[in-house]
Amino acid sequence: MNLYTSCFVSADRAALERLRKIPRLPRSFTPTPIDELARLRESLRADARLLVKRDDAIPVGFGGNKIRKLQVVAAQALEAGADTLITTGGIQSNHARATAAIAARLGLGCILVANGQAQEKPTGNALLDRLLGAELRYVPTREARAPAMEEAAKELRRGGRKPFVIPLGASTAHGAAAYASAVHEVLANIPPPDAIVLSTSSGGTQAGVIAGCQLHGVKTRVIGISADDPAAVIEGAIRGIHRDLAALLELPDDTFAGAAVEIDDTFVGQGYGVPTPESTEAIELCARREALFLDPTYTAKAMASLIARIRDRQLAAGTVLFWHTGGQVGLFA
Ligand SMILES: *Cc1c(COP(=O)(O)O)cnc(C)c1O
């Protein structure tokens, strides 16, 4: 037993070994750095130590949590013999851009089903989607997305191609497995933080981090800050992903059922992507104090909650890790 593993006496070693063996892209996208947020801490007069996990700095396709999930999900597609990735999101979807980037790197085709109207002069993620060579198909509503993906897949199959459909946000068991593994990456570098704060929406990232903490036997609190949906909706999604992840790791269905799923849905404001005074302050503070760029839709609202918790002393001691999930391209939308 080495020093690292001996720290985690209650870790489920067999499950961690199965997790380690799940195929992922053989490229050095990760590990990502962990940085000290000393100047932010000083300006907040925080007693807690503040750290940031830089998944915004993954050096492929402008990074972000979707690239990390796709490290595993795209490997799954390759194993299935896929020649085209199909996915969906809004016009400015980080996940769609990340999928287009991974497809380009792997030499796969990419069809993106986007709800909304094509921009005359594409900006932000939509601009990158075009540069990456993805085929865009527009649908009028969110409800029309899944059927349009199935339609595209059928069409490709009729032409003898092998499409692989990736659900919204790549929040599958495989996507969550990427984040469960990422917990190992954190614990290999720092002692278990007291709290991890991250943005949450389709739930795959938070589901993975919670599962990873449990499998390693660490008691880190994982606080997800909603970008859109009510806490109960996201919790439902996370519980579902946990059941699928347990199956993927050959564990009993209810392995993660006892885990706390902590979600704060009080920083959404007027809605998805709509700035709030707190999210605007978070963006400016992190830029000016740390040259750390938050995105307006996800990470700014998560950081706004972290800042509020420091100020009202809910997070007053120990180490708090902000998991930056990317999205900075959204600043140029
Ligand atoms: C998609 C996304 C999230 C939310 O992650 P989920 O796994 O869908 O909950 C958070 N931050 C950014 C920047 C994202 O693009």
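See the structure printed just above.
So, here is what we can say about the structure in this document. (Residues numbered from 1 in each chain as written. Predicted model: local features only at pLDDT ≥ 70, side-chain atom pairs only at ≥ 80, totals over all residues. Heavy atoms only, no water.)

**Points about the sheet that holds strand S2 (residues 49-54)**
In a beta sheet, neighbouring strands are held together by backbone hydrogen bonds and run either parallel or antiparallel to one another. Sheet architecture is open: six strands sit in the order S1-S2-S10-S7-S8-S9, paired in mixed fashion. In the strand order of this sheet, the two ends are held by strand S1 (34-36) and strand S9 (262-264), each with one partner. When strand polarity is set aside, the average angle formed by the axes of neighbouring strands in this sheet is 25 degrees. Note: strand S7 (residues 195-200) against strand S8 (residues 221-226), six bridges, orientation parallel. Note on S8: the bridge partner recorded for Thr200 is Ser226. Most of the contacts of helix H10 (residues 231-248) go to S9, to which it runs at about 145 degrees, and overall it touches S7, S8 and S9. Across the sheet, helix H12 (residues 299-311) lies against S2, S7, S8, S9 and strand S10 (319-324), angled at about 165 degrees from S10, the strand it touches most. (Pairing = 2+ DSSP bridges. Helix = DSSP H or I, 4+ residues; strand = E, 2+ residues; numbered from the N terminus. Axes fitted to C-alpha atoms, helices over the stretch in contact; angles between N-to-C directions. Contact = heavy atoms within 4.5 Å.)

**Description of the packing of helix H4 (residues 65-79) against helix H8 (residues 173-187)**
The interhelical angle for the contact between H4 and H8, taken along N-to-C directions, is 120 degrees, at an axis separation of 8 Å. When the axes of H4 and H8 are compared, the pair comes out oblique. Helix-helix and strand crossings are classified by hand; for H4 and H8 the assignment is right-handed. Taken together, the residues of H8 that come into contact with H4 (itself represented by Asn65, Arg68, Lys69, Val72, Val73 and Gln76) are His174, Gly175, Ala178, Tyr179, Ala182 and Glu185. Classifying every residue of the contact of H4 with H8 gives five nonpolar, four polar and three charged. (Parallel < 35°, antiparallel > 145°, perpendicular 65-115°, else oblique. Left-handed = near helix turned anticlockwise from the far one by under 90°. Nonpolar A, V, L, I, M, F, W, Y, C, P; charged D, E, K, R; others polar.)

**A word on the side chain of Ser279**
Relative to the helices and strands, Ser279 resides in helix H11 (residues 277-290). Judged by relative accessible area, which is 2%, Ser279 ranks as buried. (Buried < 20%, exposed > 50% of the residue type's maximum accessible area, 1.4 Å probe, protein only.)

**Observations concerning the sheet that holds strand S6 (residues 163-165)**
The parallel open sheet is built from four strands, whose spatial order is S5-S4-S3-S6. Edge positions in the sheet fall to strand S5 (135-139) and S6, since each has one partner strand and no second. In this sheet, neighbouring strand axes are inclined to one another by 25 degrees on average, regardless of whether the strands run parallel or antiparallel. Where strand S4 (residues 109-115) and S5 come together, five bridges link them in parallel fashion. What sits directly across from Asn115, in S5, is Val139.

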